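Take a look at the letters that make up each chain.
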Amino acid sequence: MNKETYNYLHEHFGIDAAILTRVEEAEARLASVFSRLDDIRSFNQYKVLDQFQRARINDQHFAWNTGYGYDDVGRTALEQLFADVFGAEAGLVRPTIVNGTHALASVYLGLLRQGDELIYCNGDPYDTMQTVIGLKGNAYGNLREFGVSYKQVDLLDGGKIDIEGVKRAIGPKTKVCALQRSRGYAFRNAMTIPQIEEWAAACKSVKPDVICMVDNCYGEFTDEKEPVGVGADIMAGSLIKNPGGGLALSGGYIVGRRDLVDKVATRVTSPGIGGECGLTFGQTRSMFQGLFIAPRVTMDAVKGAALCAQVFADLGYEVCPGPADPRNDIVEAVRLGSPEAVCAFCEGVQAAAPIDSYVTPVPWDMPGYTDQIIMAAGAFVGGSSIELSADAPMREPHDVFFQGGITYDHARFGVIKALQTLKDRGLVKGL
Ligand SMILES: *Cc1c(COP(=O)(O)O)cnc(C)c1O
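Residues numbered from 1 in each chain as written. Predicted model: local features only at pLDDT ≥ 70, side-chain atom pairs only at ≥ 80, totals over all residues. Heavy atoms only, no water.

Draft legend 1. Region of the structure containing the sheet that holds strand β8 (residues 319-320). The 5 strands lie next to each other as β8-β9-β12-β11-β10, forming an open sheet whose pairing is antiparallel. The sheet is open, and its two borders are formed by β8 and β10 (373-377), each paired with just one other strand. Summarising the sheet, β10 and strand β11 (residues 389-393) pair through 5 bridges and their orientation is antiparallel. Note on β11: the bridge partner recorded for isoleucine 373 is proline 393. Relative to the sheet, helix α10 (residues 284-314) contacts β8, β9 (331-335) and β12 (399-403), its axis offset from that of β9 by approximately 20°. (Pairing = 2+ DSSP bridges. Helix = DSSP H or I, 4+ residues; strand = E, 2+ residues; numbered from the N terminus. Contact = heavy atoms within 4.5 Å. Axes fitted to C-alpha atoms, helices over the stretch in contact; angles between N-to-C directions.)

Following this line, the structure appears as structure tokens:
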């Protein structure tokens, strides 16, 4: 940050010099981390560009039709492009998939039948998926109601997958082994690509036809490879996270083996219809463009997360991942330790936003979640968490999850404002 920027932030936003200096020091310490992240970004940018060119994307692909949505060339090209970029056979990419939960639930409900078993291989699934599976609450239409049984294998100390435990758990009824790549609301590191590769191979070694499914939310473009490129059969995620590049207005994607994606498509639409129908409502242009810039946007967010880690670690907070740890999602967890600090942090992030910067986030009950959640998000796209955001379940030990920022400068400002708000309330040690 040069002198002009420093002075501007100090004078126009009232940021303390001590905070700006801390941030500058943290950035200097992150030089080699940032350089590695830039390398991943470049590789992924050219990978995406290459697939756009091979697919001969042109402006016909931005048009759309009405009614059943037959022969929508844009939709077909977009779905194949997602598959090709991620190294899969087929894809289903729809603005009408309402969120990540819907994309993931469609995979499970599309593939699992009565008597089948699902195994989660990373311990507790993401909050909303616990509701889908039937572990929490009694939501109508959950997997349990359909007679699908469930097991989970907890992670080993240190957050590694219990590969031997997974192998032992797989039995005659096991149809799908699932793995969540991102930390979700857990204080653990995200799964690395080599770990995912080892996991998929281990599952197949016990049962060659078991389906390896990855919840890829927040993981896209954080590495040169993606889970379906290293042995996973299918994966799914949200378009208002990484692969939408901040431009997609809504939607989700599912990519993987063609036979599996076809089955899931009959769940998303209808038996006999599958992926052949479904309107795109003029959204393909922003979905293409979002995918094109996603490698850049994702890495700006990842750098923001690394900065958050460095700044708070320097102040003596426990953070996950650590500043120099490998990053396989865009999330940074900071153990703040009190509800007051969590609220102050989130209020700071909210106050950093271009939209709704003047509102105060408060904890509330959200559908699919069991604890109250506080969410800071002043986004162009409602609920978009590739845009700068912070959230926390209101429960011990009061970790806050910081993510997003479609430009690095903005992610950095989120860190700065969070820190300033904590300091103003006397809630930060060491400042
Ligand atoms: C965001 C997310 C989901 C799905 O959440 P939605 O809010 O429904 O998009 C599922 N798993 C993980 C790991 C996530 O980060």
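Draft legend 2. Examining the packing of helix α4 (residues 73-86) against α10 more closely. Running from N to C, α4 and α10 point in directions that differ by 15°, and their axes come no closer than 10 Å. Classified by the angle their axes make, α4 and α10 are roughly parallel. α10 is crossed by α4, and the crossing has left-handed handedness. Across the interface between the two elements, Gly74, Arg75, Ala77, Leu78, Leu81, Phe82 and Val85 from α4 touch Thr284, Met287, Phe288 and Leu291 from α10. Looking at side-chain class alone, the contact of α4 with α10 contains 8 nonpolar, 2 polar and 1 charged residues. (Parallel < 35°, antiparallel > 145°, perpendicular 65-115°, else oblique. Left-handed = near helix turned anticlockwise from the far one by under 90°. Nonpolar A, V, L, I, M, F, W, Y, C, P; charged D, E, K, R; others polar.)

Draft legend 3. Helix α3 (residues 31-54), seen in detail. The first and last C-alpha atoms of α3 sit 35 Å apart over 24 residues, in line with the 34 Å expected at 1.5 Å per residue. Inspection of α3 places Val33, Phe34, Leu37, Ile40, Asn44, Gln45, Lys47, Val48, Gln51 and Phe52 among the buried residues, and these make up the whole buried set. Among the structural elements, α4, α10 and α12 (408-424) are those in contact with the buried residues of α3. Looking one or two residues past α3, arginine 56 carries a phi angle of roughly 50°, positive in sign. (Expected span 1.5 Å × (residues − 1). Buried < 20%, exposed > 50% of the residue type's maximum accessible area, 1.4 Å probe, protein only.)

Draft legend 4. Quick look at the site of the ligand. All residues adjacent to the ligand are Asn99, Gly100, Thr101, Leu104, Tyr126, Gln180, Asp215, Cys217, Tyr218 and Lys241. Interatomic distance of 2.5 Å between a side-chain N/O atom of threonine 101 and an oxygen atom of the ligand. In the model, an oxygen atom of the ligand is placed 2.9 Å from a nitrogen or oxygen of the lysine 241 side chain. In the complex, the protein chains occlude 91% of the 370 Å² of accessible area that the ligand would expose alone. Among the elements that line the shell around the ligand, the one with the most residues is helix α5 (residues 100-111), at 3 residues. Residues that form the shell around the ligand fall into these classes: 4 nonpolar, 4 polar and 2 charged. (Near = heavy atom within 4 Å. Polar contact = N/O pair within 3.5 Å; in protein donor to acceptor, adjacent residues only side chain to side chain. Areas by Shrake-Rupley, 256 points an atom, 1.4 Å probe, with all protein chains shown as cover.)

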